[in-house]
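# Coordinates in review
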Amino acid sequence: IDVSGAGTAISTSTAGSGAGGRVALGASRIALRGGASVAASTSGSGGGGSVALIAVEDLALTDGATVAASTSADGAGGAILLAGPRIAIGSGASVAANSSGGGAAGRIDVRASDALYLFGGAITTDAAAADGGNIDVRAGRIIHLRDGEISTSVAGGAGAGGNIFIDPTFVILEDGSRVSANAFGGPGGNITLIADYFFASIDSLVQASSTLG
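Presented here is a report on the structure given in the accompanying data block. Per chain, residue numbering runs from 1 following the sequence as it is written. Note on the predicted model: pLDDT of at least 70 is required for a residue's local features to be given, and 80 or more for side-chain atom pairs to be given and counted; whole-chain, interface and lining totals, by contrast, use all residues. The side-chain numbers reported here are obtained from all heavy atoms of the structure, hydrogens and water having been left aside.

The subject of this paragraph is the overall build of the protein. Each helix is a run of DSSP H or I of at least 4 residues and each strand a run of E of at least 2, with the numbering of both proceeding from the N terminus. A count of helical and extended segments in the protein gives 0 helices and 19 strands. The C-alpha radius of gyration of the protein comes to 16 Å, within 12% of the 17 Å expected for a compact globule of 213 residues. When its C-alpha atoms are laid out on the principal axes, the protein stretches across 45 × 45 × 25 Å. Accessibility here uses a 1.4 Å probe with only protein chains present; expressed as a share of the type maximum, an area under 20% marks a residue as buried, one over 50% as exposed, and anything in between as partly exposed. Taking all 213 residues of the protein together, 46% fall into the buried category. Contact between two residues is taken to exist if any of their heavy atoms lie within 4.5 Å; hydrogens are not considered. Taking the contacts inside the protein whose residues are at least 6 apart along the sequence as the reference set, 82% of them involve residues at least 24 apart. All accessible-area figures derive from a Shrake-Rupley calculation using a 1.4 Å probe, and residue coverage is judged against the displayed protein chains alone. A total accessible area of about 8,400 Å² is found for the protein, and carbon and sulfur atoms account for 51% of it. Charge counting follows a simple rule: Lys and Arg are positive, Asp and Glu are negative, and His as well as the terminal groups are ignored. One atom stands in for each charge, and that atom is NZ of Lys, CZ of Arg, CG of Asp or CD of Glu. Here the protein carries 10 positive and 17 negative side-chain charges, and the mean point of each set is 6 Å from the other. Atoms considered for the radius of gyration are the C-alpha atoms alone. The globule rule reads 2.2 Å times the number of residues to the power 0.38.

Right, let's talk about the pairing of strand S12 (residues 142-146) for a bit. Among the 5 residues in S12, 4 count as buried, and that is most of the element. Here a strand pair is declared whenever DSSP counts at least two bridges between the two strands. Pairing of strand S9 (residues 108-119) with S12, which is carried by 5 bridges, proceeds in the parallel orientation. Paired with Ala115 across the bridge in S12 is Ile142. Looking at chain direction, S12 and strand S15 (residues 170-174) are connected through 5 bridges and run parallel. Within S15, the position partnered with Arg146 by the bridge is Glu174.

On to the nonpolar core. Of all hydrophobic cores here, the largest spans 42 residues; its most connected members are Ile89 and Ile123. What Ile123 contacts, discounting residues up to four positions off in sequence, is Ile89, Val95, Ile108, Val110, Leu116, Leu118, Ile135, Glu149, Ile150 and Ser151. Only buried residues count toward a nonpolar core. Its members are Ala, Val, Leu, Ile, Met, Phe, Trp, Tyr and Cys residues joined through side-chain atoms within 4.5 Å.

Next up on the list: the sheet that holds strand S13 (residues 149-154). Strand pairing within a sheet occurs via backbone hydrogen bonds; the two strands may be parallel or antiparallel. Spatial strand order, S2-S4-S6-S8-S10-S13-S16-S19: 8 strands in an open sheet with parallel pairing. This sheet does not close on itself; its edge strands, each paired only once, are strand S2 (9-14) and strand S19 (205-210). Within the sheet, the average angular offset between the axes of one strand and its neighbour, ignoring direction, is 5°. Bridge count between strand S16 (residues 178-183) and S19: 6 bridges; the pairing is parallel. For Arg178, the partnering residue across the bridge sits in S19 and is Leu205. Fitting a line to C-alpha atoms yields each axis, with helices limited to the stretch in contact; the angle taken between N-to-C directions then spans 0 to 180 degrees.

Right, let's get into the environment of Ala69. Its location among the elements puts Ala69 in strand S6 (residues 66-71). Expressed as a C-alpha distance, the spacing of Ala69 and Ser99, which sit 30 residues apart in the sequence, is 8.8 Å.

For this document, the term salt bridge refers to a Lys or Arg side-chain nitrogen within 4 Å of an Asp or Glu carboxyl oxygen. Using the criterion set out here, one finds 11 salt bridges in the structure. Among the salt bridges present, the one from Arg111 reaches Asp136, with a minimum N-O distance of 3.1 Å. With Arg111 in strand S9 and Asp136 in strand S11 (residues 135-139), this pair connects stretches of sequence that are 25 residues apart. Residue classification places Asp136 among the buried positions, given a relative accessible area of 9%. The partner of Arg178 in a salt bridge is Glu149, and the shortest N-O contact between them spans 2.7 Å. Here Arg178 is found in strand S16, whereas its partner Glu149 is found in strand S13, with 29 residues between them in sequence. Arg178 sits in the partly exposed class, given a relative accessible area of 29%. Each of Arg107, Asp109, Arg111, Asp136 and Arg138 takes part in salt bridges that share partners, so that together they form one network.

As structure tokens, then:
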């Protein structure tokens, strides 16, 4: 499956009390590039739909492509799942679960049986005031960030920051990479990092904090 080009989108949405639908892509190889997007959203009280991208071999997001689940009202944001042996997110591409309303941001799960590469890419959840979403990233061999980001955040209110769980054999952070779980009024999220080997450049950061909580 190759989804490419700015304005190219596969999406589902709900604006009422009913739950949003599910978007699921499965193939030997999946590529999103050139500003293409796969998204699920809610602007009502119904929960947002989920998004799943499952590749038998390679899964790649590049050149500003996005996978997103969002809520702008009271409905909870949907979940995102990325799965495959090798997953690459780079060149400004992102996987994001966002809340700009009262509903909690959705969670993100990444399952790479071999490797996850974040080279200029990001995996994030953020909320304006509600609870932030959790991020769970697991790889059989390596998680490598180069100018990459894995983060959860809450900009205001008393919402709790989302938790981050990372579990490969090798973790490499370089070129200003960041793993952070931050909040404003509520508690910052927990960061759990399990690895046999951990390498981080001096300009990279692992941080959990709260402004007031």
